[in-house]
Amino acid sequence: MKREYMIGKIRYAGYLFIIIQGVIIALLAVFLLNEQYMSEWQKYPQGSESTVIYLKNVAPEKQKDIQHFLTETADQQKLFISRTDLMLDNNGSIKGYKIGVYGNVENNITDFSFLNCAILNSEKLSTLLNAENPDSTLGVETGSVNSVGDIPHFRFYENVVVKQLGSLFNDSKTVNGQYKIVGLSESEEKESFLHMLSEISGLSESNILETSGGNSSNNLVMRDILLAFFAAQIFLNIVFFLVIAMKNLPKQGKLVLLGWTRTAFAKEILGNFFVFSMLIIPVLVVINGLLGGWGSFSVTLLSRYAAAACINVGLIGAEILISASVILITKPLDAIHGRIPRKVLYGLGIVAYLGVSFGLIFCGAYVDQPMKMISRNASLSQRWETVSQYQLLSEISIGEEAESFSGNSKELDQNLYDWYSSIAEKSGVYLIQTEYYNEDILKMWNSNQTYKAIPSDPFWLFTISPNYLETLGIQVDESALARAKEGARLYLIPAGMNEEEKEQVSKWVQEKDTKSISDGDIQTAFTQQPSFLFIEYESKEKLFTWTTDDKNSTEVNSPVIYIATPQNMKYTETESLKATGFNGYIKFADKQSAMASTAPSILSAYHLTDNSLIFTDVQNYIDGLQKELGTTLLWFGIIFLMLLLILLGLLLTLAMVFRIANQEKINVKKFLGFSFMQLYGKPMLMLIVWCVIELIAMLIIRSKFGLLLILAVSLIQVFIFIKFMARNELKNIITAFKGE
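The present account deals with the structure reproduced in this document. As the structure is a computational prediction, the values presented were derived from the model and not from experiment.

## Re a negative patch on the surface
Taken together, the side chains of Glu186, Glu188, Glu189, Glu191, Glu199 and Glu205 make up a negatively charged region of the molecular surface. Element by element, the count of residues in the negative patch is highest for helix H6 (residues 187-201), at 4 residues. Within the secondary structure, Glu199 sits in helix H6.

## Here's the deal with the nonpolar core
By size, the foremost hydrophobic cluster in this structure holds 70 residues, and its most contacted members are Tyr37, Trp41, Phe154 and Val162. Of all hydrophobic cores here, the second largest spans 41 residues; its members include Ile423, Ile454, Tyr491 and Phe588.

## Overview of empty space enclosed by the protein
Empty space among the atoms can be located by rolling a probe the size of a water molecule over them. Tallying each qualifying case throughout the model produces 2 cavities of 30 Å³ or more. Counted as a void, the second largest cavity has a volume near 30 Å³. Elements with a contribution of two residues or more to the lining of the second largest cavity: helix H2 (10-42), helix H11 (281-292) and helix H12 (299-328).

## Regarding unusual backbone geometry
Pro45 follows Tyr44 through a cis peptide bond whose omega is -10 degrees. Position of Pro45 relative to the elements: it lies in the loop between H2 and strand E1 (50-55). Although it is not a glycine, Lys78 sits at a positive phi angle of roughly 55 degrees. Relative to the assigned elements, Lys78 resides in the loop between helix H3 (63-77) and strand E2 (80-88). Judged by relative accessible area, Lys78 falls into the partly exposed class, the value being 47%. The phi dihedral of Lys173 is positive, around 60 degrees, even though this residue is not glycine.

## What about a positive patch on the surface?
Positive charge collects at one region of the surface, where Arg342, Lys343, Lys665, Lys669 and Lys682 lie side by side. Elements with a contribution of two residues or more to the positive patch: helix H14 (342-366) and helix H27 (663-671). Within the secondary structure, Lys669 sits in helix H27. Taking relative accessible area as the criterion, Lys669 reaches 32% and is therefore assigned partly exposed.

## Remarks on the pattern of salt bridges
Tallied over the full model, the rule gives 12 salt bridges. With its nearest N and O atoms 2.7 Å apart, the salt bridge here joins Arg83 to Asp85. Between Asp413 and Lys578 there is a salt bridge; the shortest N-O distance is 2.7 Å. Of this pair, Asp413 sits in helix H17 (residues 411-423) while Lys578 sits in the loop between helix H23 (571-574) and strand E18 (586-588), placing them 165 residues apart in sequence.

## Considerations on H17
The terminal C-alpha atoms of H17, which comprises 13 residues, lie 19 Å apart, in line with the 18 Å expected from a rise of 1.5 Å per residue. Along H17, the residues classified as buried are Leu412, Asp413, Asn415, Leu416, Tyr417, Trp419, Tyr420 and Ile423.

## A look at the packing of aromatic side chains
Within the structure shown, the criterion is met by 40 aromatic pairs. Here Tyr44 and Phe112 contribute two aromatic rings whose centre-to-centre distance is 5.9 Å and whose plane-to-plane angle is 90 degrees, an arrangement assigned as edge-to-face. Of this pair, Tyr44 sits in the loop between H2 and E1 while Phe112 is found in strand E4 (residues 112-114), placing the two residues 68 residues apart along the sequence. An identical accessibility class is assigned to Tyr44 and Phe112; each is buried. Each residue in the set Tyr12, Tyr15, Phe17, Phe240, Phe241, Phe273 and Phe276 is aromatic and connected to the rest through ring pairs, giving one cluster. Sitting over the ring of Tyr562, Arg489 keeps its end group 4.0 Å from the ring centre. One cation-aromatic arrangement involves Lys515 over Tyr451; the distance from NZ or CZ to the ring centre is 4.9 Å.

## Description of the sheet that holds strand E7 (residues 147-149)
Read from one edge to the other, the open sheet built from 7 strands follows the order E1-E9-E2-E3-E8-E6-E7, with strand pairing classed as mixed. Every interior strand has two partners, whereas the edge strands, E1 and E7, have only one. Packed onto the sheet, H3 meets E1, E2, strand E3 (94-103) and strand E9 (177-182) and runs at close to 55 degrees relative to E3.

## Looking at a nonpolar patch on the surface
Together, Ile688, Val692, Ile696, Ile700 and Ile701 make up an exposed nonpolar region whose accessible area comes to about 440 Å². Tracing the chain through its elements places Ile696 in helix H28 (residues 676-700). According to the relative accessible area criterion, Ile696 is partly exposed, its value standing at 42%.

## Notes on the packing of H2 against helix H10 (residues 262-279)
At a minimum axis separation of 10 Å, H2 and H10 run at an interaxial angle of 40 degrees. In terms of orientation, H2 lies oblique with respect to H10. Remark: the crossing between H2 and H10 carries right-handed chirality. Contacts from Arg11, Gly14, Tyr15, Ile18 and Ile19 of H2 reach H10 at Asn272, Phe273, Phe276 and Ser277. Of the residues in the contact of H2 with H10, the class split is 5 nonpolar, 3 polar and 1 charged.

## Things to note about the environment of Ile350
Along the polypeptide, Ile350 turns up in helix H14. Its relative accessible area of 33% is what places Ile350 among the partly exposed residues. Taking the C-alpha atoms as reference points, Ile350 and Asp224, 126 residues apart in sequence, are found 26 Å from one another.

Cut-offs and rules
Residues numbered from 1 in each chain as written. Predicted model: local features only at pLDDT ≥ 70, side-chain atom pairs only at ≥ 80, totals over all residues. Heavy atoms only, no water. Patch = residues over 30% accessible without salt bridge, like charges linked within 9 Å, V, L, I, M, F, W, Y side chains within 5 Å. Areas by Shrake-Rupley, 256 points an atom, 1.4 Å probe, with all protein chains shown as cover. Salt bridge = Lys/Arg side-chain N within 4 Å of Asp/Glu carboxyl O. Lys, Arg positive; Asp, Glu negative; His and termini not counted. Charge placed at Lys NZ, Arg CZ, Asp CG, Glu CD. Helix = DSSP H or I, 4+ residues; strand = E, 2+ residues; numbered from the N terminus. Core = buried A, V, L, I, M, F, W, Y, C linked by side-chain atoms within 4.5 Å. Buried < 20%, exposed > 50% of the residue type's maximum accessible area, 1.4 Å probe, protein only. 1 Å grid on protein atoms, 1.4 Å probe; cavity = no way out; pocket = protein on both sides within 12 Å on 5 of 7 lines; lining within 4 Å. Points joined across faces, edges and corners; volume = space filled by probe spheres on them. Expected span 1.5 Å × (residues − 1). Phe/Tyr/Trp six-rings, centres within 6.5 Å; stacked < 30°, edge-to-face > 60°. Lys NZ or Arg CZ within 6 Å of the ring centre and 35° of its normal. Pairing = 2+ DSSP bridges. Contact = heavy atoms within 4.5 Å. Axes fitted to C-alpha atoms, helices over the stretch in contact; angles between N-to-C directions. Parallel < 35°, antiparallel > 145°, perpendicular 65-115°, else oblique. Left-handed = near helix turned anticlockwise from the far one by under 90°. Nonpolar A, V, L, I, M, F, W, Y, C, P; charged D, E, K, R; others polar.

As C-alpha cells, then:
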C-alpha cells in the first residue's frame, strides 16, 4: 500500500512504457534474426569446394543446351548444383528466395542449419529430388499441396522455397542466374567445366565468373522505423522516470528525518519498475515467439528471445539509474531544506532539450525535399499543360515475370516489344523519350574516355516514333522511313549544326548504338545487322522537350532526333519499354488510343494480362505524385508534432527546475517590483540564443520550409515560456509570506 501511495496510478503508465520497449526490442530481435537467416541462405550451399558462376544474357537458342550440360555433367561427375532466384511481389519488393537444386546430395556438403536447427539435410533433399511431381517443393510456394517438407521462416518476412532445378528452369523460362557448383574439387575439373560451359553458352570464362549486381534489402525502411521508435522510447522512459524522481523529491526530506537513506528512497520510488521488467521476461519471450512465427521449436532461438527480454531489463535498469541519480546526489541536508540538485537537472534537461532540437532541425531540413517536389510538380503541371492529355505508363505489375525484373530473363521485355510492334503504326501510339547531354556529362565522358568520339557542345537527343514525328510537322523522305522500318537507325541532324559537330555526333551515335550488343538481347533487324542513316532536317517550330528538370528548357529548336521503329531498336529501347512515369517510352495521344491498345484481348495475346499495364494522363499522374508527397508530409508532420510536444515538455521541466531552485529570490524580487526580464532574463536569453542558432542552421543548409518551421517553433517556445513563468506569480508570493 505504501509504495502505491508514493507512486500513485502513474505507475501504470510506467509499466506500459516498459512493455512497449520490450515489444520494440522483440521486433528488432526478429528483424535482426531474419537478416542473419536470409544472409545465410544467400551463401547456400557453403563449402570451400563451391564454385560460383553467373550466366547472363544467354541467347535463347543456347538455353536448352546449357540445361542439358548442367544436368548431365552433375550426373556424370556427381556434382550438386543450386541456383538462387529472387521472389518478387507485384510491387517489385523482395518476398523471398527460390532455390533450384539438382545432383548428388550424398557426397557433397548440402546441409543447411540455422541456430542449431536443421533446415536442410540430404534426406530432405533426396525426397525432393526423387519426388514424382516435378513441382514438389521444400517450403510453401503457392500452396502446401506440392510441399514435401517444411522450411521455417520468420513472420512478416521473406520466405524460402527449394525446388528441383528443372522446375525452376520451367518457372523462370531462362537459364540466366547465379549458380553454385559443389564437387569440382580439382582445379583441372573446374577448368574443364568452365571451358565446356563457355563453348556452349558463347560467354567467355571471365564473364561466367564475373559477379552480377547484388540484391538490396527491402527492410532498410523497416529497420530505420524500428530504430527510431526504439530511440524515442528509451528517451521517453528516461524522461518519465526523471519526472517521477523530481515529483517525489519533496518527500525525500521528510523521509530522511525518519532515517531513510538515499538509496532506499530511490529503490522505493523507482525499484518497482525494475522488478516489473524482470517479471515480464516470460511474457516478452512469448510475445517474441508469436511475432517471430518460427515454425519449429529451437532452444537456441528461444534463448535469443530470452536475451532480448533481458536486454530490456538492462535498459530499464540503465534508464532508472540515470533518473535515480537526481535522488542519489541530493545530500540529506539539502533534501531536508527542500533544495534540489539543480546543476544535474539543468545538465540532463539541456542535453535532452538539445537532442530533441536537433531532431526538429533534421525534420525541418528533410521536409524541404518533399515540399520542393510538390512545388516542382505544380510547376511541371503548368509546363506540361500542352500534353496534359497524353497517356503515360504509370504502373506495371510483376505478374509471373519476376525473373525479368531481377534481370535474369527477357520474357517481359520480349512480350512488351512484341505488343508494341503490333501497335506501333496505329494512330495515337507514340514512342517518346528525350535526353539532354549537358557539359557535365560530356566532361565526364572525356575524363573517363567513355567514347572515342564525343560531341563538343551540349545537345538534346530525341527518341521518337515516326507517327509522333508527323505531329511535329517535320517532313522526312519516305524512302528514309522505309529503311528505318527495315532496321536502319535513322538520325535527323539539325541543318544548322556545323560540319565538324555533325561528324562528331554521327561517330558518337554509331559507337554508342553498337556498344555492348549481345546475343542475349532481344533480336531486331538492327542488332543482327547494324546500319545507320543520317539526314539533315530543318524545323521552324520549337519542339516540346518532355523534360522534368526545371533547369532545362521546355522547348528547343533543333535537337538530334532518332526515329525509332520496332526493327531498328536495340537493348536501350527494348528493355526500357517497361519504364514508368515521365521517363517511360510508350505514350498515347489520348485515353481512347490507350484503351484501344490495352484491351484485355490484345494484352492476353502477348501474355501481358497479369502485368496490369495502367496508363493515365499526365495531369492525373502528377496529381497522384502530389498525393503521395502529401502523405509523406503528413507522416513527418506527425513526427514533428511529437518532437515539438516533447521539446515543450522539456522546456517546461527546465523552467520548473529554475523556478523551484530560485523560488525564494523570485518571490522577494517580484515583491520589490522587479520586471519579468529582470526575474527571468538569463533563461529567456539562453532560449532566444538557441532559437537564433537553430534559425542560422536552417539558413546554412538553405532550407526554406525548415526555416519557417523552426521560426514558428521558436515563437511558440518563447510564448509558452513567458506564460508559464508568469503563471501564479502573485499566488506564490502570498503563499511564501504566509509561510505555507
